[in-house]
Amino acid sequence: MSFLTKIFGDENKNYFKKLQPSVAAINGLEKDFQDLSDGQLRGKTEEFRERLAKSALLDDLLPEAFALVREAARRNLGQRHFDVQLMGGIVLHQGKIAEMKTGEGKTLTATCPVYLNALEGKGVHLVTVNDYLARRDCVWMGQVYRALGLSTGCVNHDQSFLYDPDYKKAQESQDAQRDSLGSFRVSQDFLRPCSRKEAYAADITYGTNNEFGFDYLRDNMAYRLEDKVQRKFNYAIVDEVDSILIDEARTPLIISAPDEESSKWYQDFARIIPRLDPDADYKIDEKDRAATLTEAGIAKVERIMGTDNIYEEKGIKYLHHLEQALRAQALYRLDRDYVVKDGQIVIIDEFTGRLMPGRRWSGGLHQAIEAKEGVAVQPESLTLASITFQNLFRMYEKLAGMTGTAMTSAEEFDKVYTLDCVPIPTNRVLCRADLPDRIYKTEAGKFKAVVAEIEARHKAGQPVLVGTRSVEKNEYLGKLLEREGVPHEILNAKNHEREGEIIAQAGRSGAVTIATNMAGRGVDIILGGNPPDENEANKVREAGGLFIVGTERHEARRIDNQLRGRGGRQGDPGTTQFFISTEDDLARIFAGDAMKKLMDMLKVPDDMPIESGMVSKRIEEAQIKIEGANFDIRKHLLDYDSVLNKQREVIYKKRNDILEKSDDDFAAYVLDLARKGNVGEQYQKREDENGREAMLQAGRFIALRTIDFFWQEHLELMDNVRDATRLRAFGQQDPLVEYKSEANKQFRVLLDTVEGNILQNLLNVSINKNAVSSMAQPRSQKPAAKYDNVNRNDPCPCGAKKSDGRPVKYKHCHGR
Ligand code: ADP
Ligand code: MG
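These figures come from a predicted structure and were not determined experimentally.

1. Here's the deal with the overall build of the protein
Scanning the protein from N- to C-terminus turns up 30 helices and 23 strands. Each of the 816 residues in the protein was classed as buried or not, and the buried ones make up 54%. For the protein, restricting intrachain contacts to residue pairs at least 6 apart in sequence, the fraction spanning at least 24 positions comes to 75%.

2. Digging into the environment of Glu472
With respect to the secondary-structure elements, Glu472 resides in helix α20 (residues 471-484). Note: C-alpha distance between Glu472 and Asn492 (20 residues apart in sequence) is 9.5 Å.

3. Notes on the pairing of strand β15 (residues 398-403)
Summarising burial for β15: five of the six residues are buried, a large majority. In this sheet, β15 lies alongside strand β1 (residues 97-99) in parallel orientation, the contact comprising three bridges. Residue Glu99 lies in a different strand from β15, and its bridge partner there is Thr403. The pairing of strand β7 (residues 235-239) with β15 spans five bridges and is parallel. Residue pairing across strands places Tyr235 opposite Lys398, the latter belonging to β15.

4. Focus: the packing of helix α5 (residues 83-93) against helix α6 (residues 106-118)
Contact geometry for α5 and α6: axes closest at 8 Å, N-to-C directions at 45°. With respect to their mutual orientation, α5 and α6 come out oblique. α6 is crossed by α5, and the crossing has right-handed handedness. Between α5 and α6, the residues in contact are Gln85, Leu86, Gly88, Gly89, Leu92 and His93 and Leu108, Thr109, Ala110, Cys112, Pro113, Leu116 and Asn117, respectively.

5. Some words on the sheet that holds strand β6 (residues 204-208)
With mixed pairing, the nine strands of this open sheet are ordered in space as β5-β4-β3-β6-β2-β7-β15-β1-β16. Among the strands making up the open sheet, the edge pair consists of β5 (191-194) and β16 (421-423). With direction set aside, neighbouring strand axes in the sheet form an average angle of 20°. As defined by bridge partners, β1 adjoins β16 across three bridges and the pair is classed as parallel. Considered in β16, the bridge of Ile97 is made with Cys421.

6. Some remarks on a nonpolar patch on the surface
A surface patch of nonpolar side chains, about 420 Å² in accessible area, is lined by Leu598, Met601, Leu602 and Met614. By relative accessible area, Leu602 is classed as exposed at 56%.

7. Some remarks on the environment of Arg75
Along the chain, Arg75 falls in helix α4 (residues 58-77). As for Arg75 and Gln34, which are separated by 41 residues in sequence, their C-alpha atoms are 9.3 Å apart. For Arg75, the residues in contact, after removing those within four places along its chain, are Phe33, Gln34, Leu36, Ser37, Asp38 and Leu41. A distance of 3.2 Å separates a polar atom in the side chain of Arg75 from the backbone oxygen of Gln34. A polar atom in the side chain of Arg75 sits 2.6 Å from the backbone oxygen of Leu36.

8. As for the packing of aromatic side chains
For any pair of aromatic rings, geometry is given as the distance between the ring centres together with the angle between the planes. For the structure on display, the rule yields 14 aromatic pairs. An aromatic cluster is built from Tyr216, Phe233, Phe389, Phe393, Tyr396 and Tyr652, whose rings are joined through pairwise contacts. The ring of Phe578 has Arg553 lying over it, and the distance from NZ or CZ to the ring centre is 5.3 Å.

9. Quick look at the state of the cysteines
The tally for this structure, following the rule as stated, stands at zero disulfides. Free of any disulfide, Cys194 has its nearest neighbouring cysteine sulfur in Cys154, separated by 8.7 Å.

10. With respect to the site of ligand 1
The environment of ligand 1 is formed by 17 residues, the closest being Gln79, Arg80, Gly103, Lys106 and Thr107. Within the complex, 85% of the 570 Å² of free accessible area of ligand 1 lies under protein. Element by element, the count of residues in the shell around ligand 1 is highest for α6, at three residues. Broken down by class, the residue content of the shell around ligand 1 amounts to three nonpolar, nine polar and five charged.

11. As for α4
In this model α4 runs just 25 Å from its N-terminal to its C-terminal C-alpha over 20 residues, more than 12% under the 28 Å that 1.5 Å per residue would give. Approximately 35° is the largest bend angle found in α4, and it occurs at Glu64. Among the 20 residues of α4, 15 are classified as buried, and the element is accordingly described as predominantly covered. The first or second residue beyond α4 is Gly78, which carries a positive phi of 75°.

12. Notes on the sheet that holds strand β13 (residues 355-356)
Spatial strand order, β11-β12-β13: three strands in an open sheet with antiparallel pairing. Across the chains shown, the open sheet's two edge strands, defined by having one partner strand only, are β11 (338-341) and β13. Against the sheet, helix α16 (residues 365-373) contacts β11 and β12 (344-348), and its axis sits at roughly 120° relative to β12.

Cut-off values and rules
Residue positions are counted from 1 within each chain, in the order its sequence is given. A letter from A marks each chain and a number from 1 marks each ligand, given out in the order of writing. Owing to the predicted nature of the model, reporting of local features is limited to residues with pLDDT of at least 70; listing and counting of side-chain atom pairs is limited to 80 or more, with chain, interface and lining totals taken over all residues. Only heavy atoms go into the side-chain values, all of them from the structure, while hydrogens and water stay out. What counts as a helix is a DSSP run of H or I of at least four residues, what counts as a strand is a run of E of at least two, and both are numbered from the N terminus. Only protein chains enter the area calculation, which uses a 1.4 Å probe; residues under 20% of their type maximum are buried, those over 50% are exposed, and those in between are partly exposed. For this analysis, residues touch if any pair of their heavy atoms sits within 4.5 Å. Whether two strands pair depends on DSSP finding at least two bridges between them. Throughout, an axis means a line fitted to C-alpha atoms (over the contacting stretch in the case of helices), and angles, computed between N-to-C directions, take values from 0 to 180 degrees. Roughly parallel covers angles under 35 degrees, roughly antiparallel covers those over 145, roughly perpendicular covers 65 to 115, and oblique covers all other angles. Whether a crossing is left-handed or right-handed is set by the direction in which the near helix is turned from the far one by less than a right angle, anticlockwise for left-handed and clockwise for right-handed. Patch criteria: residues need more than 30% relative accessible area and no salt bridge. Like-charged residues are merged within 9 Å; nonpolar side chains of Val, Leu, Ile, Met, Phe, Trp and Tyr are merged within 5 Å. Where accessible areas are quoted, they stem from the Shrake-Rupley method and a 1.4 Å probe; at the residue level, only the protein chains shown are allowed to cover. Here, a salt bridge means any side-chain nitrogen of Lys or Arg that lies within 4 Å of a carboxyl oxygen of Asp or Glu. Any pair of nitrogen or oxygen atoms within 3.5 Å is treated as a polar contact; in protein, a donor-acceptor pairing is required on top of that, and neighbouring residues in sequence qualify only through side-chain atoms on both sides. Between rings of Phe, Tyr and Trp, where Trp is taken as its six-membered ring, a pair exists when centres lie within 6.5 Å; planes separated by under 30 degrees are stacked, by over 60 edge-to-face, and by other angles tilted. The criterion is that NZ of a Lys, or CZ of an Arg, lies within 6 Å of the ring centre and within 35 degrees of the ring normal, and then a charge sits over that ring. Disulfide: a pair of cysteine sulfur atoms within 2.5 Å of each other. Proximity is defined per residue: any heavy atom of the residue falling within 4 Å of a molecule or strand makes that residue near it. Classification used: nonpolar for Ala, Val, Leu, Ile, Met, Phe, Trp, Tyr, Cys and Pro, charged for Asp, Glu, Lys and Arg, polar for all others including Gly. Helix span, as expected, comes to 1.5 Å for every residue beyond the first. A residue's bend is simply the angle between two axes: one fitted to the seven residues ending at it, one to the seven starting at it.

Below you can see the structure in the form of structure tokens.
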């Protein structure tokens, strides 16, 4: 059976039936818990933990734990979980996605499963879409957890906090204010700054997907165990899960370092290379597209640059770039391999002859060609670590999510994350009116109508929320309204905190708010404004509630539904209306021409709308098509990253093992490595010379450094392989299959290389105070010993190999 029937069919009804006994059990406990003192409530946490230790399961504790949280929220926050919120909470505990409409109170819903799962003491992460919401929810919900004896942390981009009401001795009035304004105002006085590690050590941690992801990558670049900040990923609830797991999943997280240094070199090289003699100074291999300097060539470069020994003075990386400059000069031709267009180097596809704007050669080659042609050299960046959100979130023991709009992406959640989606009924009956689209011939005609509609609603005292697709359209509409003298606020998703304040008041009588899709997301629009005022609310209700205007259809239906969902919360009245023109991107591409002709034929004036089921349907079909295409793009990204992901896991595990080993274990590991390489005695001698302590310290460092160096080189290499296999796709082979087999081959080489190099570096290291710090230089290993009578271009006698299996030249290794 397809997942769709599973979700929409009778199964859903059965599913809800299955939840009923749990909800009834929680309700049945309510009275008992109300009779407990605050201290007794807190004491329950200890009791639950003891029962868990004595083999009780989280599921066994669910009814009591949920009833406890509900009571704590009622006392401390003034909100009692609705039954549908309990249902949502159970779904989240089961590791599924709960679709709960906007305004249903997902923030509070999460507290039940968060508390229950935090009892195990392994940490629970609540993932939000921005730093401001992480702080807001930490302060707002932190009081519930605190009342039950649990700690709550929050990681932001540049700071982290622990929830602590005693931090600034907050006044009672502040506490009360938080309960009414907590949905948008963050009381910073409750947040005590702390280290990142402390925030992660808390029972519960709020933060964004980016921060959780970057901290993960950074932890796996740490050189000391104590520098790691995260614990193992246990349970996460992702708020606005569609934004994070779908919209943001199109691009991976990348930690990179700008490589300013090498950018400067290219100009120098571009001047030097033309002075070399193609016959005597360098050798060209057309087939492998390789170029190497001869001894004579090197001597000439040294003379030009006025140095005695270029290897010693400049280092391995410098030489690499010098060789790239040589390749750029000798192997790549203007108008055959690339063109210069608008001051940029544009690659010509060697198979199709098409220009490929935006694509860049890697490893510094592109920069070398830029320098050669005298156009601006773009700075290079080095990828130090990267991961996709898909692979990041799949690492959690248990994953759950919540959003107002999940069902249209149910297939992707299922296929990529094996997450089921469950729609939760609303607390009150939804009575929002979603009017049929109004379709105009021209965009100008459409906006004229939009402005007229806004003005009329505004005059009638109805609040209006306008959604636009881009900042540009946002500002354009703002200007039109200004001309008509309609007061309004514009939100562009730039300053979340300030925009939260504005969106919180977007329900006031006559308010006009124009927002892009993400602006003010997560903040509730209460009719009449916030703090709530019954009279004001009634006035707005009588005027018809919030009026929502869509100015264009988005690429995904989900985003349109999010906009609609901002109205009609908790049974409020409200209306949504989309305005579309045949000139809009989506309509133009998929139904425009035919539509326009029809409208011309009917002699429809520009500002006269039609309501056409045909057009609306065509647009929806177009959206489904685009959704599918975007899914494919994300799937593709994931397919490739999954190949690397397995390797990343192996490398990170290796690293961790080294970090976590006791001194004795590490010593044994190294000795074992040495014996396997038949150099056990040599190693022992080294140890006797340098002392065990120093040898261990340096050893650990060398091992980590060596892994990182070759891993980062591998990442760079795999980038190239990916480009190369993509090109080979024209030869009918599946590029992914090729990529995989090449990746596996390279990885085996990498593992061998790493072990060999750790050993070599250990044997050669001469320990003094500088040895360790010189090893710390990014991306350069610096072995200490030298060999006699070796030609610089010969393979290094130490036997070091590059990650592609070729020997490292002496000049790049011990001959430096
Ligand atoms: P969502 O994230 O689902 O859109 P929020 O968590 O922002 O919704 O909550 C919307 C509003 O509903 C907030 O102002 C919140 O204070 C309020 N709310 C949520 N649950 C309850 C409840 N059980 N009782 C009273 N108010 C609630
Ligand atoms: Mg929310």
